[in-house]
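# Topology and contacts: notes
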Amino acid sequence: DAGVTQSPTHLIKTRGQQVTLRCSPKSGHDTVSWYQQALGQGPQFIFQYYEEEERQRGNFPDRFSGHQFPNYSSELNVNALLLGDSALYLCASARDRGLYTEAFFGQGTRLTVV
Amino acid sequence: SQQGEEDPQALSIQEGENATMNCSYKTSINNLQWYRQNSGRGLVHLILIRSNEREKHSGRLRVTLDTSKKSSSLLITASRAADTASYFCATASNTGKLIFGQGTTLQVKP
């Protein structure tokens, strides 16, 4: 079982550019959530995808968008990058929206905006 | 926004000692989970305790939950240098969304 895999591992982008991060959930999981973790802080919930729809959203602007594919993998897109978007982006997968079971996290994508 | 407040923010102990971390939260929960993070990498799930449970054990880990006080604690017994990491509590609502605390940084000295 490969667990949750994220790509790329590291990424450097310029202010104003757009970025796409990818996540493959753990086998048997149908729910993917994305989190942003700034240095020295706990992860902050961005949004959750289940059945190819965004089910919940945290306090993030519309520049943050996502998608879930029929095979449950997911993408996180961030447009018009700001310096403040520099962070570790974590993907978590779970079964049945994670209502009663633990979430498993990938190793994250370290995004640096310069 | 962060729901949880973790205490202490940093903890330094000797190998073999016990480490206790506390977490408080504000709203009602479905369950509470504890995670470990090494050097800014991914989060590793440690243990999940449901809102109707009061105590749970897993190996050297012991978690308690007091829903009346909206608090939880994580005890790591007989700590090892490999336990050095950041530890986060996360509360799960009835929608599955996880809200994390700021974390406790644990250093275990050999």
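As a starting point, this report considers the structure included with it. (Residues numbered from 1 in each chain as written. Chains lettered and ligands numbered in written order. Predicted model: local features only at pLDDT ≥ 70, side-chain atom pairs only at ≥ 80, totals over all residues. Heavy atoms only, no water.)

### Overview of the interface of chain B and chain A
Where interface size is given, it is often the accessible area lost as the parts come together that is meant. Stated formally: The contact rule is simple, with two residues in contact once any of their heavy atoms fall within 4.5 Å. Buried area is calculated as the accessible area (1.4 Å probe) missing from two parts once they are joined, with the contributions of both summed. Think of a salt bridge as a Lys or Arg side-chain nitrogen and an Asp or Glu carboxyl oxygen that are within 4 Å of each other. Here a polar contact is taken to be a pair of N or O atoms separated by no more than 3.5 Å, where protein atoms must pair a possible hydrogen donor with a possible acceptor and residues adjacent in sequence count only if both atoms sit in side chains. For this classification, the nonpolar set comprises Ala, Val, Leu, Ile, Met, Phe, Trp, Tyr, Cys and Pro, the charged set comprises Asp, Glu, Lys and Arg, and every other residue, Gly included, is treated as polar.
Contacts between the two partners involve 23 residues from chain B and, on the opposite side, 23 residues from chain A. Taken together, the two surfaces of chain B and chain A that pack against each other cover about 1900 Å², and 45% of this comes from carbon and sulfur. On the chain B side of the contact with chain A, Leu43(B), Thr95(B) and Lys97(B) bury the most area, a combined 22% of that side's loss. Remark: the boundary between chain B and chain A carries zero salt bridges. In this assembly, chain B and chain A are joined by six residue pairs in polar contact (both at pLDDT 80 or more). Residues of the side of chain B that touches chain A, tallied by class, amount to six nonpolar, 14 polar and three charged.

### Some remarks on the packing of aromatic side chains
Test applied: In summary, the pairing rule links any two rings of Phe, Tyr or Trp, Trp by its six-membered ring, whose centres are within 6.5 Å, and it sorts them by plane angle into stacked for under 30 degrees, edge-to-face for over 60 and tilted for everything else. What counts as a helix is a DSSP run of H or I of at least four residues, what counts as a strand is a run of E of at least two, and both are numbered from the N terminus. For every residue, the accessible area obtained with a 1.4 Å probe (protein chains only) is divided by the maximum for its type, and the residue is called buried under 20%, exposed over 50%, and partly exposed between those limits.
Inspection of every chain in the model, using the stated rule, returns nine aromatic pairs over all chains. Judged by centre distance (5.6 Å) and plane angle (70°), the ring pair of Tyr35(A) and Phe45(A) falls under edge-to-face. One end of the pair, Tyr35(A), is in strand S4 (residues 31–37); the other, Phe45(A), is in strand S5 (residues 44–50), with ten residues separating them in the sequence. In this pair, the class of Tyr35(A) matches that of Phe45(A), namely buried. For the ring pair Phe105(A) and Tyr35(B), a centre distance of 5.2 Å and an interplane angle of 85° mean the geometry is edge-to-face.

### Details of the environment of Thr105(B)
Residues and elements named next belong to chain B. By secondary structure assignment, the location of threonine 105 is in strand S11 (residues 104–109). The class for threonine 105 is partly exposed, based on a relative accessible area of 42%. Residues threonine 105 and leucine 11 lie 94 residues apart in sequence; the distance between their C-alpha atoms is 6.1 Å. Once you skip the residues sitting within four places of it in the chain, threonine 105 turns out to touch Gln9, Ala10, Leu11, Ala85 and Ser86.

### Some words on the side chain of Glu6(B)
All names here are of chain B. Counted only if it meets this: Charged residues are defined narrowly, with Lys and Arg counted positive, Asp and Glu counted negative, and His plus the chain ends left uncounted.
Its location among the elements puts glutamate 6 in strand S1 (residues 5–7). Lysine 26 provides the closest opposite charge to the buried, unpaired glutamate 6, separated from it by 13 Å. In terms of polar contacts, glutamate 6 uses its side chain to reach the backbone amide nitrogen of cysteine 89, at 3.1 Å. Not counting chain neighbours up to four residues away, the residues in contact with glutamate 6 comprise Asn22, Cys23, Trp34, Tyr87, Phe88, Cys89, Gly101, Gln102, Gly103 and Thr104.

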